[in-house]
Amino acid sequence: MPKKNEPKKRSKINWSGNAFRETVAAYGFLMPNFIGFAIFTAIPVLVSLYMAFTYWNIFSKPVWIGLDNFRSLLWFRHDSGHLVANDPFFWQYLYNTVFFMIGIPLGMAGNLILALMLNQKIKGVVFFRTIYFLPSVSAGVALLILWKYLFNSEVGLLNQFIRNAGSVIYASKPLALLFTLLCAVVLGLLIIGAIAAVLGLLLWICEKLKIYWHESLYKTLVVIAGAAVYILIAMSWNVIFRSIGNFMGTPPNWLGEVSLAKPSLIFMGIWGGIGGFGMILYLAALQGVPRSMYEAAEIDGAGGWKKFWSVTWPMISPTTFYNLIMGIIGGFQGGFMMAKIMTGGGPVGSTTTLEYYLYTTAFENFNMGYASAISWFIFIVVFILTMITWKIGGQLVNYE
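Enquirer: Teacher, can you tell me more about the pattern of salt bridges here?
Expert: Think of it this way: side chains of opposite charge can pair up when their charged atoms draw near. Throughout the structure, instances matching the rule amount to 4 salt bridges. Among the salt bridges present, the one from D68 reaches R71, with a minimum N-O distance of 2.5 Å. Taken together, the residues span about one helical turn, with D68 and R71 both in helix 2 (residues 68–74) at a distance of 3 residues. Using a relative accessible area of 35% as the deciding quantity, one classes D68 as partly exposed.

As structure tokens, then:
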């Protein structure tokens, strides 16, 4: 046995024979990936960091300008007594990018609902899972072109359907009143559902923070909110009737109006996002929830709703957390293809995102330095938001 305090002998590497050949083979297998990473990722990232501090229009040599690009991008100045941004377009496009992220929680909720439905033991469930997953493997450009024609104000399928339905419904006053009542009921249910979801999320966060509500308080708040919503709808009946009539008679230009372009694209994004990889992740998480936990909850007298909040939701919280972080990262890095194909960034820049602004700055205006500054701003924002989400959201996730 080796004596105490005796220095350990260094193991010598045998660089001859099989060990040498295995080492060379290992480096040989790693080298193509390393060279690809260096050429297509590491070196371009470092070059873009240098370019962010230069002015370069690709037709002349880069000129070092220090922080001028970031000052033009992020700073403000006094103009006629008002504080104005050096680059107001950048802040407008940043707002557009954040606005489009409204679709992230809606898409996550849709994926969760779909996964819950497809997690049931029903006949032909594999067929339904395949059908709902298929749109996610379709080519993005083809889907965007299809939606562009669907949203077309003159020949689009959506507006043609609305016009035809409106001409039939509003030809008869009783039918028009019945249709308006149906729309009002659906509108009320959607609003109440949204309020219930927000209150449910607040209830769950409070439970995690050891602030307990009585279950009857949640139900009472939902009932009060529902009554208030339908009272407001009843008071606005004439306005709702006329608005629906005008909408059915003259459908809007979905992609040509500033107020409708972003919601239309969000709706399209939700349609494309629901049923894809997010649903698959939720489905895998649901199938990983132990059956014994549901059985224990049933013994304690828990119903379907209680089992969802006490068992399902905590157990799939890591997947929800992952989808949220990836959604935020994708939200800041997305929007180029959608804006390029469907709207060209319009109308009046209302659908231009930071990614599309980066593209037009670099490859249409040839201001590579400024485009690099935009890309590094996106990287820093994504990094900070990811760290904040990781810090706060990590405390709410159950990893059992």
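The rest of the description comes next.
Enquirer: Explain the nonpolar core to me, please; I cannot follow it from the model alone.
Expert: Inside soluble globular proteins, nonpolar side chains tend to come together where they are buried. In this structure, I316, F332, L354 and F377 are the most contacted members of the largest nonpolar core, which totals 36 residues. At the level of elements, helix 3 (88–100), helix 4 (103–118), helix 12 (277–287), helix 13 (291–299), helix 14 (304–315), helix 15 (317–333), helix 17 (354–363) and helix 18 (368–393) are the ones that each hand at least two residues to this core. With residues near it in sequence (within four places) discarded, F377 still touches L73, L74, F90, L94 and L354.

Enquirer: I tried to follow helix 17 on my own but got confused; where do I start?
Expert: For an α-helix the count is 3.6 residues per turn, leaving residues at separations of three or four pointing the same way. Regarding helix 17, the residues found buried are L354, Y356, Y357, T360, T361 and A362. Buried-residue contacts for helix 17 involve helix 3, helix 16 (336–343) and helix 18.

Enquirer: It is not clear to me how unusual backbone geometry should be interpreted in this structure. Could you clarify?
Expert: Negative phi characterises most residues that are not glycine, and trans characterises most peptide bonds. Across the junction of G346 and P347, the peptide omega takes the value 0 degrees, indicating a cis bond. If you trace the backbone, P347 turns up in the loop between helix 16 and helix 17. Located in the positive-phi region is V348, a residue other than glycine, with phi close to 55 degrees. Looking at where V348 falls in the secondary structure, it is placed in the loop between helix 16 and helix 17. Here F366, not a glycine, exhibits a phi torsion of approximately 55 degrees, which is positive. Looking at the secondary structure, you find F366 in the loop between helix 17 and helix 18.

Enquirer: How should the packing of aromatic side chains be read in this particular structure?
Expert: Each aromatic ring pair is summarised here by two numbers: the centre-to-centre distance and the angle between the ring planes. In total, this model carries 29 aromatic pairs according to the counting rule given. Their ring planes at 55 degrees and their centres at 5.9 Å tell us that Y95 and F99 sit as a pair that is tilted. Taken together, the positions of Y95 and F99, both in helix 3 and 4 residues apart, correspond to about one turn of that helix. Centre to centre, the rings of W376 and F379 are 5.3 Å apart; their planes meet at 75 degrees, and the pair counts as edge-to-face. Here W376 pairs with F379, and both are found in helix 18, just 3 residues apart, close to one helical turn. Each member of the aromatic cluster is reached from another via a ring pair, and the members are W147, F151, F247, W254, F267 and W271. Here K262 stacks its cationic end above the ring of F99, 5.5 Å away from the centre of that ring.

Enquirer: Whenever I open this one, the pairing of strand 4 (residues 82–85) confuses me. Can you help?
Expert: Two faces make up the sheet, and in a regular strand the side chains alternate between them. Examined bridge by bridge, strand 3 (residues 76–79) and strand 4 share 4 bridges and lie antiparallel to one another. Across the sheet, residue H78 finds its bridge partner in strand 4, namely L83.

Enquirer: What is the right way to look at the packing of helix 13 against helix 14 in this model?
Expert: How two helices pack is summed up by the angle between their axes together with the distance between the axes. Between helix 13 and helix 14, the shortest axis-to-axis distance is 10 Å and the interhelical angle comes to 160 degrees. Relative to helix 14, helix 13 is oriented roughly antiparallel. In this structure, helix 13 crosses over helix 14, and the sense of that crossing is right-handed. Along its contact with helix 13, which presents M293, Y294, A297 and E298, the element helix 14 presents K307, V311, T312 and M315. Partitioned by chemical class, the residues of the contact of helix 13 with helix 14 number 5 nonpolar, 1 polar and 2 charged.

Reading the values: the criteria
- Residues numbered from 1 in each chain as written.
- Predicted model: local features only at pLDDT ≥ 70, side-chain atom pairs only at ≥ 80, totals over all residues.
- Heavy atoms only, no water.
- Salt bridge = Lys/Arg side-chain N within 4 Å of Asp/Glu carboxyl O.
- Helix = DSSP H or I, 4+ residues; strand = E, 2+ residues; numbered from the N terminus.
- Buried < 20%, exposed > 50% of the residue type's maximum accessible area, 1.4 Å probe, protein only.
- Core = buried A, V, L, I, M, F, W, Y, C linked by side-chain atoms within 4.5 Å.
- Contact = heavy atoms within 4.5 Å.
- Phe/Tyr/Trp six-rings, centres within 6.5 Å; stacked < 30°, edge-to-face > 60°.
- Lys NZ or Arg CZ within 6 Å of the ring centre and 35° of its normal.
- Pairing = 2+ DSSP bridges.
- Axes fitted to C-alpha atoms, helices over the stretch in contact; angles between N-to-C directions.
- Parallel < 35°, antiparallel > 145°, perpendicular 65-115°, else oblique.
- Left-handed = near helix turned anticlockwise from the far one by under 90°.
- Nonpolar A, V, L, I, M, F, W, Y, C, P; charged D, E, K, R; others polar.

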